Amino acid sequence: MQLEATVSDIARKLREGNFPKRQSIYHIYQGIVLRILSDLSWEVHDTNMVSPEYRTGEGRIGCALCHPPTAVKILIEVKQPGGRRRVRQTLEYAFHARIQLVVSTDGRTWSFRLPTAPTAEYDYDEQGIFRLDLTESPASESAAVLQRYLEQGRVASGEVLRTVREEHESFVARRTIPRAWRELVESRDELLFDLIAETVESKVGFQPAVEDIAGFLADSSGTGLVADSSHPPLKSPPQNSASQRRDVLVVKGRKFSYKSAKEAMVIVLRELAQADTDFLQRCSSHPAFLGSKRRYLARRTEDIFPDRPGLRKLHERLPGGWLVSTNENNSLKMKLIKAAAQVAGLRFGHDVIVEF
């Protein structure tokens, strides 16, 4: 493959110092960039296709790749090794000009970025979609990367644009995961905490204290968070923690003790079902018991967790062969209890009293 041989030759010359810092960008442009573009099927002598010294609002950059002629698709910013970059300005210009890709290179390193709307959070000095070093990667891998982003046929077909958009979305989502995790931990996200508490409960029969969950997440998340010093240590949980709590609910004047939201929900459903053989059938048709993709009350575990077989054991049996999912957050459990009271013709807060 000609491109691979060219990249191998360029990498060798870079290692030998044939392109020192003192050389101008024209040496890099002619000796490296144009050689690579030629092997990628660009007509480097057609200035309508490869426009040299392309002018942006901040001055001239290396070149612009066009398809069809004069329609700029990619900007290649050529700079001296160690030279100052104008990444922000070039990306902002490219975004407003609707240019698909910005490449910044000193011959050795090649950075590929998708122009996006300027935001305070975007770090223009990060690697963007991909960063390639011709002297560190095998020639075959370097050639594959250059072909993926710069090959003339892929630019013409729109394949390069699809590729860079997909990879940019993946890059942005990946770099945002730590921040999203910190926010969940710091805000004590109810769904996250409920999921952990209920998973623990499914294994040992009772829930851990909220403070213990918070301390664990802060210590083990790798985000640098430190548990609130006001939280009691693990060996001394608060006196009203879930592991020691035993509350009382009321169903039509009868009192029942419970230790968790799951137990409270199951008690209410069982008591109401024992008094009315059609009760659970009617509940199964109530909108509260119907999720967007699954049911919370059904006769088969496949209906409760159709897409997640590993969770099918997280249910409780009710009279008449009915099953209720227990892998839900406490807010949904309370919603199901209220819906059950409505189906039974009872008033929540009067005939059915539950707090958790």
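Our structure is the block above this text.
These remarks concern the structure in this document. Note that the structure is predicted; figures quoted are calculated from it, not measured. (Residues numbered from 1 in each chain as written. Predicted model: local features only at pLDDT ≥ 70, side-chain atom pairs only at ≥ 80, totals over all residues. Heavy atoms only, no water.)

Description of the pairing of strand 4 (residues 63-66)
Then comes step 1: Because side chains alternate across strand 4, one face comprises the buried residues Cys63 and Leu65, and the other comprises Ala64 and Cys66, equally buried.
Then comes step 2: By the bridge criterion, 4 bridges tie strand 4 to strand 5 (residues 72-78) in an arrangement that is antiparallel. Bridge assignment links leucine 65 to a residue of strand 5, and that residue is isoleucine 74.
Then comes step 3: What sits between the antiparallel neighbours strand 4 and strand 5 is a turn of 5 residues, in which threonine 70 has the positive phi angle 75 degrees. (Buried < 20%, exposed > 50% of the residue type's maximum accessible area, 1.4 Å probe, protein only. Helix = DSSP H or I, 4+ residues; strand = E, 2+ residues; numbered from the N terminus. Pairing = 2+ DSSP bridges.)

Let's talk about the sheet that holds strand 5
Then comes step 1: Taken in spatial order, the 6 strands make up an open sheet running 1-4-5-6-7-8, and their pairing is mixed. Whereas interior strands pair on both sides, the edge strands pair on one side only; in this sheet they are strand 1 (50-52) and strand 8 (130-133). Mean inter-strand twist for the sheet, computed between neighbouring axes without regard to direction, equals 20 degrees.
Then comes step 2: Here 4 bridges tie strand 6 (residues 101-105) to strand 7 (residues 109-113), and the two strands are oriented antiparallel to one another. Looking across to strand 7, one finds that valine 103 is bridged to phenylalanine 112.
Then comes step 3: Against the sheet, helix 2 (residues 25-39) makes contact with strand 1, strand 4, strand 5, strand 6 and strand 7, and its axis sits at roughly 140 degrees relative to strand 5, the strand it touches most.
Then comes step 4: Along the sheet, helix 4 (residues 139-150) contacts strand 4, strand 5, strand 6, strand 7 and strand 8; its crossing angle with strand 8, the most-contacted strand, is approximately 140 degrees. (Axes fitted to C-alpha atoms, helices over the stretch in contact; angles between N-to-C directions. Contact = heavy atoms within 4.5 Å.)

Examining unusual backbone geometry
Then comes step 1: A cis amide bond links histidine 67 to the next residue, proline 68, at an omega of -5 degrees.
Then comes step 2: Inspection of the secondary structure assignment puts proline 68 in the loop between strand 4 and strand 5.
Then comes step 3: In this structure, threonine 70 takes a positive phi of about 75 degrees despite not being glycine.
Then comes step 4: By secondary structure assignment, the location of threonine 70 is in the loop between strand 4 and strand 5.

What to know about the side chain of threonine 6
Then comes step 1: Relative to the elements of secondary structure, threonine 6 occurs in helix 1 (residues 2-15).
Then comes step 2: In this structure, threonine 6 is in contact with Arg35 and Asp39, ignoring residues within four places of it in sequence.

Let's talk about the pattern of salt bridges
Then comes step 1: Enumeration over the complete set of coordinates arrives at 13 salt bridges.
Then comes step 2: Here aspartate 9 makes a salt bridge to lysine 13, at a shortest N to O gap of 3.4 Å. In this pair, aspartate 9 and lysine 13 both sit in helix 1, 4 residues apart, roughly one turn of the helix.
Then comes step 3: On the accessibility criterion, lysine 13 (25% relative accessible area) is partly exposed.
Then comes step 4: Between glutamate 16 and arginine 12 there is a salt bridge; the shortest N-O distance is 3.2 Å.
Then comes step 5: Exposure remark for arginine 12: the relative accessible area of 37% places this residue in the partly exposed category.
Then comes step 6: A network of salt bridges, in which partner residues are shared, links Asp9, Arg12, Lys13, Glu16 and Arg35. (Salt bridge = Lys/Arg side-chain N within 4 Å of Asp/Glu carboxyl O.)

Some words on the sheet that holds strand 9 (residues 247-251)
The strands that make up a sheet pair up through hydrogen bonds in the backbone, lying either parallel or antiparallel.
Then comes step 1: Reading across from one edge, 10-9-14 is the order of the 3 strands in this open sheet, with antiparallel pairing throughout. The sheet is open, and its two edges are formed by strand 10 (254-258) and strand 14 (352-353), each paired on a single side.
Then comes step 2: Where strand 9 and strand 10 come together, 5 bridges link them in antiparallel fashion. By the bridge assignment, leucine 249 is partnered in strand 10 with phenylalanine 256.
Then comes step 3: Its contacts with the sheet place helix 9 (residues 261-275) against strand 9, strand 10 and strand 14, and it is angled at close to 150 degrees to strand 10.

Concerning the environment of phenylalanine 95
Then comes step 1: Tracing the backbone shows phenylalanine 95 in helix 3 (residues 87-96).
Then comes step 2: Assessed through its relative accessible area of 31%, phenylalanine 95 is described here as partly exposed.
Then comes step 3: Counting along the chain gives 20 residues from phenylalanine 95 to proline 115, while the straight-line C-alpha distance between them is 4.9 Å.

Some words on the packing of aromatic side chains
Then comes step 1: Taken as a whole and judged by the stated rule, the model has 3 aromatic pairs.
Then comes step 2: Through successive ring pairs, a cluster of aromatic residues spans Phe112, Phe130 and Tyr149.
Then comes step 3: Its guanidinium or amino end placed over the ring of phenylalanine 130, arginine 148 lies 5.5 Å from that ring's centre, counting from NZ or CZ. (Phe/Tyr/Trp six-rings, centres within 6.5 Å; stacked < 30°, edge-to-face > 60°. Lys NZ or Arg CZ within 6 Å of the ring centre and 35° of its normal.)

Here we look at the nonpolar core
Then comes step 1: Leu37, Trp110, Phe112, Leu146 and Leu150 are the most contacted members of the largest nonpolar core, which has 39 residues in total.
Then comes step 2: For this core, the secondary structure elements donating two or more residues are helix 1, helix 2, strand 4, strand 5, strand 6, strand 7, helix 4 and helix 6 (159-186).
Then comes step 3: With 7 residues, helix 2 is the single largest residue contributor to this core.
Then comes step 4: Formed by 33 residues, the second largest nonpolar core is a distinct cluster that contains Ala288, Leu336, Ile337 and Ala341. (Core = buried A, V, L, I, M, F, W, Y, C linked by side-chain atoms within 4.5 Å.)

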